[in-house]
Amino acid sequence: MTSSQLFDPQIALTLLHELRELTANEQGAQRVAWTETWRRARSWFESKLHDLPVEYHRDAAGNNWITLKGASDKTLILGSHLDSVPNGGWLDGALGVLAGYAILRHFALSESAPPVTIRLVDWADEEGARFGRSLFGSSAFAGTHSIAADRYRADRDGITLEEALAENGVDLNRIGDAAVERANACAYLELHIEQGPILEGLGLPLGAVLGTKGVERHAIIFHGQEAHSGSTPMAVRRDALAAASKLALEIRTIAGKHADAVCTMGSLKTFPGIVTAVVGRAEATLDQRDLDAGVLAQMYREAQEASQRFAHEERCSVEWSRIWNIEPVPFHPRLIELCEEAIRETVNPIGKAHRLPSGPLHDAAEVARLGIPTTMMFVQSLGGISHNKIEDTRESDLLLAVRAFHTLAEKTIAWILSEAL
Ligand SMILES: [Zn+2]
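Conventions used here
Residues numbered from 1 in each chain as written. Predicted model: local features only at pLDDT ≥ 70, side-chain atom pairs only at ≥ 80, totals over all residues. Heavy atoms only, no water. Pairing = 2+ DSSP bridges. Helix = DSSP H or I, 4+ residues; strand = E, 2+ residues; numbered from the N terminus. Axes fitted to C-alpha atoms, helices over the stretch in contact; angles between N-to-C directions. Contact = heavy atoms within 4.5 Å. Domains from an automatic or database assignment. Buried area = accessible area lost by both parts, 1.4 Å probe. Salt bridge = Lys/Arg side-chain N within 4 Å of Asp/Glu carboxyl O. Polar contact = N/O pair within 3.5 Å; in protein donor to acceptor, adjacent residues only side chain to side chain. Buried < 20%, exposed > 50% of the residue type's maximum accessible area, 1.4 Å probe, protein only. Donors = N, O, S within 2.8 Å, 3.2 Å for Na, K, Ca; no water. Expected span 1.5 Å × (residues − 1). Core = buried A, V, L, I, M, F, W, Y, C linked by side-chain atoms within 4.5 Å.

(A) Molecular detail of the sheet that holds strand 13 (residues 281–290). Judged by pairing direction, the sheet is antiparallel, and its four strands sit side by side in the order 11-13-9-14 without closing on themselves. The open sheet has two edge strands, strand 11 (262–271) and strand 14 (317–326), and neither has a second partner. This sheet shows a mean twist of 15° between the axes of neighbouring strands, independent of strand direction. As paired elements, strand 9 (residues 214–223) and strand 14 share nine bridges and run antiparallel to each other. Bridge assignment links histidine 218 to a residue of strand 14, and that residue is arginine 322. In this fold helix 9 (residues 240–256) packs onto strand 9, strand 11 and strand 13, with an angle of close to 175° to the strand it touches most, strand 11.

Next comes the structure, spelled out in structure tokens:
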């Protein structure tokens with residue numbers, strides 16, 4: 001019997017139910033990072049480690065590391081996050097940590113040490129739900145953290161991030177010390193729910209993730225002229241909303257030229273915003289995403305050109321300012337192939353495993369940006385819904401996912417040994 005056949009994915013599912021019981025209320029999961037419920041989730045998790053021959057500690061950024069020493073110091077890292085958004089789902093993040101736990105446990109209880117060292121990481125504050133800083137712990141690990149900006153972050157009650165960190169034993173000034181955890185890292189793998197409708201639409205339980213999409217996020221302001229809605233003839237109006245509305249429709253055409261690209265005008269405010277005035281100012285936001293940096297740059301340029309055209313047509317002017325952007329992060333080609341193989345062997349012996357990019361960002365993107373070979377596996381999300389208490393995945397698919405992820409871990413270990421990394 002091979003190790004894959006002996007591996008039992010059920011423990012991950014049992015623990016997911018236990019965690020849900022412990023940290024959710026009628027509104028959903030409440031494991032917001034740096035809060036009491038999150039700490040409860042983490043100490044519950046630690047209680048599952050006591051009977052295993054592993055070392056565990058928290059790093060300078062609050063990430064939890066569990067290490068099973070192998071015959072070699074070369075290290076495979078498995079990870080995800082136990083924190084959730086408020087009123088979140090039971091699987092986002094927790095699935096990856098508890099699948100990693102099932103695999104680590106399997107290796108820890110085998111007769112001999114694994115051929116490479118296996119580490120499981122529970123990243124601190126992936127969601128950024130309370131302080132608006134996503135990927136907090138993994139960015140400190142990757143050295144892309146931003147202490148100067150973080151110092152001014154506060155939650156709704158005026159508690160600063162720095163104070164909340166101190167309450168959890170983390171010194172904001174030292175979070176960069178988490179970089180020491182990179183030692184000997186040869187590969188990083190993360191299992192996550194898809195959080196979108198693609199796999200469900202294809203009728204597939206699992207997919208190999210190509211990388212995380214880059215993002216261009218801008219504020220766009222159209223300036224026209226406020227005017228009385230009764231006395232201003234249509235022909236002479238300078239209606240800022242008309243220009244903004246044309247752009248809101250045009251971005252669908254701009255995105256539609258590319259397979260996986262998305263463009264979203266997520267907010268639009270009008271001023272003065274009353275029923276009896278032509279809109280003098282319209283403030284919109286635009287979020288554009290694609291895995292290909294060239295496509296992303298092209299969509300950004302086309303949206304700018306279109307906004308100029310529509311502003312001109314409506315006798316308005318337009319100004320753009322960048323809110324935020326991030327480069328696309330492609331994952332490692334060989335690990336993506338191994339992920340496909342693991343999926344095919346587990347669920348779909350004939351045919352092709354589906355490859356898809358991730359729209360949401362993940363801790364895996366921070367790790368990949370460091371140059372550590374990385375990939376993710378997605379499992380289907382029912383209805384494509386997440387960050388919500390109705391977030392769900394069929395239990396049969398969850399079991400397949402944990403099993404395929406174990407197979408991927410085994411293949412990656414073999415690859416680490418063969419590659420002389
Ligand atoms: Zn997540």
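(B) A look at the domain arrangement of the protein. Taken domain by domain, the protein holds domain 1 (3–212 + 328–418) and domain 2 (214–326). Computed from C-alpha coordinates alone, the two centres of domain 1 and domain 2 are separated by 37 Å. Facing the ten residues of domain 1 at the interface are nine residues of domain 2. With both chains or domains summed, domain 1 and domain 2 bury close to 730 Å², and 76% of this area falls on carbon and sulfur atoms. Counting the surface domain 1 buries against domain 2, the share from its top three residues, Pro328, Pro357 and Leu361, is 63%. Applying the counting criterion to the domain 1 and domain 2 interface returns zero salt bridges. Here domain 1 and domain 2 share one residue pair in polar contact (both at pLDDT 80 or more) between them.

(C) Structural context of the environment of arginine 403. Topologically, arginine 403 is positioned in helix 13 (residues 395–419). The partly exposed category is assigned to arginine 403, whose relative accessible area is 30%. Along the backbone, arginine 403 and glutamine 10 are 393 residues apart, and their C-alpha atoms lie at a distance of 9.2 Å.

(D) Representation of the coordination of the zinc ion within the structure. Protein coordination at the zinc ion comes from His81 (NE2), Asp92 (OD) and His192 (NE2), with a distance range of 2.0 to 2.2 Å. For the zinc ion, all donor residues lie on one chain, and their spacing in sequence is H-x10-D-x99-H. Of the two residues, aspartate 92 is situated in the loop between strand 5 (72–80) and helix 4 (94–108) and histidine 192 in strand 7 (residues 185–193); the sequence distance between them amounts to 100 residues. Taking the relative accessible area as the measure of exposure, aspartate 92 reaches 4% and is therefore buried.

(E) Structural context of helix 4. With 15 residues, helix 4 should reach 21 Å at 1.5 Å per residue; the first-to-last C-alpha distance of 20 Å fits that figure. Most of helix 4 sits inside the fold, with 15 of its 15 residues counted as buried.

(F) Spatial organisation of the environment of glycine 96. Within the element layout of this structure, glycine 96 appears in helix 4. For glycine 96, the residues in contact, after removing those within four places along its chain, are Ser80 and Leu191.

(G) Looking closely at the nonpolar core. One finds Phe45, Leu76, Leu78, Met377 and Phe405 to be the most contacted residues of the largest nonpolar core, which totals 82 residues. Ranked by the residues each element gives to this core, the list is headed by helix 4, at eleven residues. Discounting residues that sit within four places of it in the chain, leucine 76 has contacts with Val116, Thr117, Ile118, Arg119, Ala187, Leu189, Ala409, Thr412, Ile413 and Ile416. Membership of the second largest hydrophobic core comes to 27 residues, among which are Ile220, Ala243, Cys263 and Ala311.

(H) Local environment of unusual backbone geometry. The amide bond that connects phenylalanine 271 to the next residue, proline 272, takes the cis arrangement and shows omega of 5°. Relative to the elements of secondary structure, proline 272 occurs in the loop between strand 11 and strand 12 (277–278). Phi at aspartate 125 is positive, roughly 55°, even though this residue is not glycine. For aspartate 125, the position within the fold is in the loop between strand 6 (116–122) and helix 5 (136–142). Located in the positive-phi region is histidine 387, a residue other than glycine, with phi close to 55°. Secondary-structure assignment places histidine 387 in the loop between strand 17 (374–379) and helix 13. Here histidine 387 falls in the partly exposed class, since its relative accessible area comes to 38%.

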